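# A structural walkthrough
Residue strings, one per chain:
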Amino acid sequence: MQKAIVITEQPVSVSVPVGYSFTLRCRAEACTSLQYQWFCQHQSACCQIPGATEQDLLITAQQTQLYTCRINDLYKNAIFSNWVKVEVHQCVARDLLPQLWRGEPVIILNPIEQKVEVGKPLQLQCAAMGVPAPSFQWYRNGNVLEHQKKKKLWISHAKVSDSGTYLCCASNSHGEHWTNAVDIHVGTCRSEKFFATDKIALLVGNNHYQHHPNLMAPVTDVFELSLLLKQLGFQVVSLLDLNKAEMMTAVSRFLQLLGKGVYAIFYYAGHGYEHSGRNYMVPIDAPQPYAPENCISVQRILQKMQQRQTALNLILLDTCRKWYNPECALSQVQPLEPWGNTVYGYATSEDAEAYELQDGEFSSGIFMKYLKKHILQEKKVTHMLEDVLEDIGRDPLVTGKQVMEIKHTLKEARALTDPICPLGAAALHWGHNHELLNEIVMFPCGAQVELRFHQVFSNVIYVCAKLQAPPSHIADVRLLLCRPTERQDVAILKDSCADQVESLLASVYKQEEQDCAFQLTGLQKIQTDVLLQLDLHYTQLSTKQRTCESLQKILQKSLVAQLFSHRNSTLPNYQQTPVSAGSLCLRDTSTLSASPKAQASLRMGSGHSLPNSNPSNSCSEPEENDESNLSELCSALLRAGPGQDCP
């Protein structure tokens with residue numbers, strides 16, 4: 001009796017990149033010797049593979065095909081193996097596979113977030129390579145979807161209950177790998193309405209430089225933009241006059257707050273320059289001449305913003321883009337992922353300056369003058385910026401000198417006015433506010449004083465005191481609010497900058513006459529509590545004696561200081577350069593004038609601002625820190641909404 005042919009090892013399907021070499025194996029047993037012949041099928045044609053008569057078939061993947069093996073014995077009996085699929089992926093990044101790949105699953109396509117109308121089909125798709133080809137299992141909110149075991153998840157009629165967080169597990173005999181989790185929202189009549197899971201903004205304005213000409217407009221521009229963004233629902237951190245270490249720390253904390261579905265805005269006003277398509281921001285402590293190792297790369301910030309899976313990344317650069325350091329090496333920046341969520345808004349075009357307007361007590365950049373006019377519009381963010389561009393183009397002050405530039409990959413009609421629909425984790429994250437509240441303090445003589453705290457910027461607080469109606473037994477009352485002069489890390493705004501801040505404050509808050517007030521700036525440098533002292537001088541009517549009473553108020557270490565705190569590290573010492581009124585803006589042959597009351601000057605960048613200096617010949621490129629061990633407390637900085645006096 002003849003023994004039937006028995007296949008003891010079936011070939012297995014594989015999923016590999018183009019050009020990858022591997023072996024299909026087939027093994028069988030019978031009472032006679034056996035012959036093997038491999039076949040392949042592509043589209044509808046099935047053909048014998050010439051010379052493929054061994055148990056093993058070596059293949060270099062070129063295109064997706066089906067394979068089977070026929071086994072014959074000497075009695076002309078034959079049997080075929082299972083058909084197996086060799087799936088070949090044509091576009092796979094070279095660095096996606098590990099150097100010593102053993103065939104474990106490698107995810108090459110992640111599902112994407114979707115908004116689906118009730119009753120419409122829902123389809124999610126993923127892909128993975130592996131040897132053997134991976135099997136798939138979908139999950140929703142951590143629960144197995146028993147009937148969703150293919151690369152494509154398909155729900156023909158989506159229900160509200162189908163909303164949730166989806167991900168897929170790809171597994172084979174070598175291990176398993178998970179796709180990114182995506183949020184699916186199923187609702188009624190909102191399939192075309194976009195929304196953000198949160199809105200986060202970081203605004204930085206550098207005005208007072210230690211080694212470069214000072215600027216006037218950034219303080220006003222940052223202040224006004226922060227108010228507008230708060231109207232749009234953004235949680236805003238606005239910071240003035242940061243050195244390099246502080247800028248890098250602020251950006252690092254900002255990045256940590258970003259997440260899936262978030263709308264993120266980064267705005268910078270100050271000195272800057274461009275080199276071969278790379279944009280650099282100049283910290284206040286950057287020496288002359290500009291060099292990459294002393295500046296901050298904008299492209300690296302955007303790259304890290306993308307890594308947070310945000311829904312919208314908007315970079316607004318209100319700075320010069322003069323070409324500088326042409327002999328320097330390019331920054332080591334990887335290409336951005338093609339996620340279609342990025343918008344650049346440049347205040348000016350390549351190799352050009354950005355200008356400031358000086359009109360009375362306020363100064364503003366040309367870019368901000370028109371941005372604040374359009375930013376509240378309910379339209380796609382790129383269309384809003386196009387309106388800004390057109391207005392700047394019509395301004396006779398900068399005709400032929402400054403033209404805005406927009407670059408973007410925004411594939412969806414997302415607008416800054418889109419509503420916020422927070423996920424559960426986001427709602428918990430932003431669930432509590434932290435405010436420095438106004439309060440009434442009482443002196444031993446019975447006099448009461450109201451202390452008020454106004455947050456002008458995230459690192460600038462305006463402290464003021466108002467004496468209430470004094471008791472009848474005292475007269476000639478004088479109240480003094482003593483500045484913490486013994487603290488070296490507390491900076492007091494002086495001269496024209498203080499006047500600017502006070503004017504900005506008056507434009508927002510109803511200003512009543514105060515008995516005493518002062519401003520604290522550079523709060524990021526204050527790493528301990530601050531002691532304020534109130535002195536009350538008065539005449540005791542019964543004795544006609546002059547008396548002084550004192551009260552002390554402890555301001556706890558600010559949250560902005562917690563944002564900038566470093567475990568086992570310290571920030572560089574900050575030397576505040578005295579500012580004179582004549583040094584704030586360059587007024588030379590570059591000045592534009594429309595009238596005696598309105599002038600525009602360069603928001604300086606590159607060598608144009610330093611006509612006596614030579615471009616740097618240094619070719620060193622900074623290895624910017626990959627910030628780590630970030631403080632979770634920084635999130636509280638962003639919780640101050642419109643109308644709040646202090647975080």
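Cut-offs used in this document
- Residues numbered from 1 in each chain as written.
- Predicted model: local features only at pLDDT ≥ 70, side-chain atom pairs only at ≥ 80, totals over all residues.
- Heavy atoms only, no water.
- Pairing = 2+ DSSP bridges.
- Helix = DSSP H or I, 4+ residues; strand = E, 2+ residues; numbered from the N terminus.
- Axes fitted to C-alpha atoms, helices over the stretch in contact; angles between N-to-C directions.
- Contact = heavy atoms within 4.5 Å.
- Buried < 20%, exposed > 50% of the residue type's maximum accessible area, 1.4 Å probe, protein only.
- Core = buried A, V, L, I, M, F, W, Y, C linked by side-chain atoms within 4.5 Å.
- Phe/Tyr/Trp six-rings, centres within 6.5 Å; stacked < 30°, edge-to-face > 60°.
- Lys NZ or Arg CZ within 6 Å of the ring centre and 35° of its normal.
- Expected span 1.5 Å × (residues − 1).

In this section: the sheet that holds strand β22 (residues 235–240). Taken in spatial order, the six strands of this open sheet run β22-β21-β23-β27-β28-β31, and their pairing is mixed. This sheet does not close on itself; its edge strands, each paired only once, are β22 and β31 (405–408). Ignoring strand direction, the axes of neighbouring strands in this sheet form an average angle of 10°. Where strand β27 (residues 312–318) meets strand β28 (residues 342–346), five bridges bridge the pair, whose relative direction is parallel. Within β28, the position partnered with leucine 316 by the bridge is glycine 345. Lying over the sheet, helix α3 (residues 298–306) contacts β23 (262–269), β27 and β28, oriented at roughly 165° with respect to β27. Sheet contacts for helix α5 (residues 381–393): β27, β28 and β31; angle to β31, the most-contacted strand, approximately 165°.

This next bit is on the environment of leucine 534. When you line up the elements, leucine 534 lands in strand β38 (residues 530–540). Using a relative accessible area of 4% as the deciding quantity, one classes leucine 534 as buried. With 52 residues separating them along the chain, leucine 534 and cysteine 482 place their C-alpha atoms 6.1 Å apart. Not counting residues up to four positions away in its chain, the partners in contact with leucine 534 are Val441, Phe443, Val449, Leu451, Ala465, Leu479, Leu480, Leu481, Glu549, Ser550 and Leu551.

Pairing within the open sheet is antiparallel, and its three strands lie in the order β35-β38-β39. If you trace the sheet from one side to the other, it starts and ends with β35 (474–482) and β39 (545–555), each paired once. Sheet twist, expressed as the mean angle between neighbouring strand axes with direction ignored, is 15°. Sheet topology places β38 next to β39; 11 bridges connect them, and they run antiparallel.

This part takes up the nonpolar core. By size, the foremost hydrophobic cluster in this structure holds 48 residues, and its most contacted members are Leu229, Phe234, Tyr267, Phe367, Leu371, Ile375 and Leu416. In terms of residue count, the dominant contributor to this core is helix α1 (residues 217–231) (six residues). Judged by nonpolar contacts, the second largest core, of 37 residues, contains Leu242, Leu258, Val262 and Val282.

For the rest of this paragraph, the subject is the packing of aromatic side chains. On inspection of all chains with the given rule, the structure shows eight aromatic pairs. Between tyrosine 273 and tyrosine 280, the aromatic rings sit 5.1 Å apart at their centres with planes inclined by 20°, giving stacked as the arrangement. By the ring-pair criterion, three or more aromatic residues cluster together here, those being Tyr273, Tyr280 and Tyr290. Note that arginine 321 overlies the ring of tyrosine 346, its terminal NZ or CZ placed 3.7 Å from the centroid.

Between its first and last C-alpha atoms α1 spans 22 Å; for 15 residues at 1.5 Å apiece the expected length is 21 Å, and the two agree. Turning to α1, its buried residues number three or more, namely Ala217, Pro218, Val219, Thr220, Asp221, Val222, Phe223, Leu225, Ser226, Leu228, Leu229 and Lys230. Glycine 233 lies just past α1 and shows a positive phi near 90°.

Quick look at unusual backbone geometry now. The peptide bond linking valine 131 to proline 132 adopts the cis configuration, its omega dihedral lying at 0°. Following the sequence through the fold, proline 132 ends up in the loop between β14 (127–129) and β15 (135–140). Here the amide bond leading from glutamine 288 into proline 289 is cis, since omega sits at -15°, within 30 degrees of zero. In this fold, proline 289 is placed in the loop between β25 (278–281) and β26 (296–297). Positive phi values are uncommon outside glycine, yet lysine 76 reaches one of about 65°. With respect to the helices and strands, lysine 76 occurs in the loop between β8 (65–72) and β9 (78–80). Not every positive phi belongs to a glycine, and glutamine 309 is a case in point at roughly 60°. Considering the arrangement of structural elements, one finds glutamine 309 in the loop between α3 and β27.

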